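The residues making up each chain are set out below.
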Amino acid sequence: MEGIVATLLIGVSLGAQYALLALGFTLVFGILGVVNFAHGGFYVLGGYLAYSSMAFLGAPYLIAVIVAALGTAALGYLFERFLLDRLVNDHLSTLMLTLGLYLMMSSGLLAVFGPQSPAFTFPLTGVLRWHGFFIPIENLVVLVVCLVGISSVYALMYRSDFGRALRALADDRAVATAQGLRPKLLFPAAFVLATGLAGLTGALVTPILSLAPHVGDPVLATSFLIVILGGLGSIGGATAAAFLVGMVEAFSAVYLGGSKGALVLFVLVLLMLVVKPAGLFGQRVRGA
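Residues numbered from 1 in each chain as written. Predicted model: local features only at pLDDT ≥ 70, side-chain atom pairs only at ≥ 80, totals over all residues. Heavy atoms only, no water.

S.K.: Quick one: what's the story with the overall build of the chain, residue by residue and with numbers?
M.R.: Counting its secondary structure elements, the chain contains 11 helices and two strands. The helix and strand sequence of the chain, counted from the amino end, reads α-α-α-α-β-β-α-α-α-α-α-α-α. Its C-alpha atoms give the chain a radius of gyration of 19 Å, near enough to 19 Å, the size a compact globule of 288 residues would have. Taking the principal axes of the C-alpha coordinates as reference, the chain spans close to 60 × 50 × 35 Å. Looking at the 288 residues of the chain, the share that counts as buried comes to 48%. For the chain, the share of sequence-separated contacts (at least 6 apart) that also reach a separation of at least 24 residues comes to 76%. With an accessible surface of roughly 13400 Å², the chain has 72% of that area assigned to carbon and sulfur atoms. Charge separation in the chain, taken as the distance between the mean sites of 13 positive and 10 negative side-chain charges, equals 6 Å. (Helix = DSSP H or I, 4+ residues; strand = E, 2+ residues; numbered from the N terminus. Rg over C-alpha atoms; globule rule 2.2 N^0.38 Å. Buried < 20%, exposed > 50% of the residue type's maximum accessible area, 1.4 Å probe, protein only. Contact = heavy atoms within 4.5 Å. Areas by Shrake-Rupley, 256 points an atom, 1.4 Å probe, with all protein chains shown as cover. Lys, Arg positive; Asp, Glu negative; His and termini not counted. Charge placed at Lys NZ, Arg CZ, Asp CG, Glu CD.)

So this is what it looks like as structure tokens:
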């Protein structure tokens, strides 16, 4: 019983991390109609910004995480405002542009920091013991921060005028623009939110897992898999699919082995595409 509960906690923690990542990915697609292949790069950049803030500036970890989120958000704004916005209606061009940005980011980080993982560790260590269960403190902290981040995104999207404006653009850009909404202002804001979430996740997770220039590859693959499973452009679908993927990964890794876990995930996605091609909560979210 203890093993099942421990695995369940691992799955919830993984799901929260994946949800924070996938929300940014699905927001960009749902609102801008852009498949952001640079999403994994912003995750890695967030990790390196946090590491650099601590290693070279002596900043506390909390400040380093804030710097990582703000730094990736600022780069996301510049990229969307001056490059992506010019080609936002050309899906093939935006795909190539975001892929090119990811390659530039990973190559730049490789040139600056080298291929080896730096000594970047989570500042809190230890294990909490409760009624025979063992919970790593760093995983618990990351879980709480991710859940707060997810809740904040939901509050922003469904309880604020800004979120309603973004969802209106996602539903039908032409009608929303005719009603006075300004994509030139809202598109960069959506991209800032998405890249900030990616950087925040990177700063939180890479000290626990690993930090290297190319760790964004599996992150991008997982984010893409989650939004397909949940339904492209669906915020609720991305969240539900992220926790589902986290649970599948945790239980398959413990009871089947790590290599079989990836196979289980891909079989799950294939079955979903056969039974429900639009995903768990997939729907037509863009009118442009």
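S.K.: For the pattern of salt bridges, give the residues involved together with the corresponding values.
M.R.: In the structure shown here, the tally under the stated rule is two salt bridges. Between Asp85 and Lys184 there is a salt bridge whose closest N-O contact spans 2.7 Å. Taken together, the residues Asp85 in the loop between α3 (61-82) and α4 (91-113) and Lys184 in helix α8 (residues 183-205) connect sequence positions 99 residues apart. For Lys184, a relative accessible area of 55% translates into the label exposed. (Salt bridge = Lys/Arg side-chain N within 4 Å of Asp/Glu carboxyl O.)

S.K.: Tell me what's going on with a nonpolar patch on the surface, and back it up with residues and numbers.
M.R.: On the surface, Ile4, Val254, Tyr255, Leu256 and Val264 cluster together into a nonpolar patch covering about 440 Å² of accessible area. Note on placement: Leu256 falls in the loop between α10 (235-255) and α11 (258-275). (Patch = residues over 30% accessible without salt bridge, like charges linked within 9 Å, V, L, I, M, F, W, Y side chains within 5 Å.)

S.K.: Provide a residue-level description of the side chain of Asn36, including the pertinent values.
M.R.: Inspection of the secondary structure puts Asn36 in the loop between α1 (2-32) and α2 (39-57). On the basis of relative accessible area, Asn36 is assigned to the buried category, the value being 0%. A polar contact of 3.1 Å, which involves the side chain of Asn36, links it to the backbone nitrogen of Ala38. (Polar contact = N/O pair within 3.5 Å; in protein donor to acceptor, adjacent residues only side chain to side chain.)

S.K.: Can you explain the UniProt feature "transmembrane region" (unreviewed entry) in the chain? Please cite residues and give values.
M.R.: The UniProt record annotates "transmembrane region" (unreviewed entry) at residues 18-38, 58-79, 91-113, 133-157, 185-212, 224-246 and 253-275. Strand forms 0% of residues 18-38 and helix 71%; the C-alpha atoms that close the span are 16 Å apart. The annotated region residues 58-79 carries 86% helix and 0% strand content, and the separation between its end C-alpha atoms amounts to 29 Å. (UniProt positions renumbered as here; feature names shortened; annotations may be inferred.)

S.K.: Go over helix α9 (residues 216-230) with me, naming the residues and quoting the values.
M.R.: Across its 15 residues, α9 extends 21 Å between first and last C-alpha, which sits within 8% of the 21 Å expected from 1.5 Å per residue. Gly216, Val219, Leu220, Thr222, Ser223, Leu225, Ile226, Val227, Leu229 and Gly230 are the residues of α9 that are buried. Positive phi shows up at Gly231, right after α9, with a value of about 115°. (Expected span 1.5 Å × (residues − 1).)

S.K.: Can you explain the packing of aromatic side chains? Please cite residues and give values.
M.R.: The tally for this structure, following the rule as stated, stands at 10 aromatic pairs. Aromatic side chains Phe79 and Phe191 sit 5.9 Å apart centroid to centroid with 40° between the ring planes, which places their arrangement in the tilted category. You can see Phe79 sitting in helix α3 and its partner Phe191 sitting in helix α8, a full 112 residues away along the chain. Each member of the pair, Phe79 together with Phe191, is buried. Pairwise contacts between aromatic rings join Tyr48, Tyr51, Phe56, Phe113 and Phe120 into one cluster. Seen from the ring of Phe82, Arg81 lies directly overhead, with NZ or CZ sitting 5.7 Å from the centre. (Phe/Tyr/Trp six-rings, centres within 6.5 Å; stacked < 30°, edge-to-face > 60°. Lys NZ or Arg CZ within 6 Å of the ring centre and 35° of its normal.)

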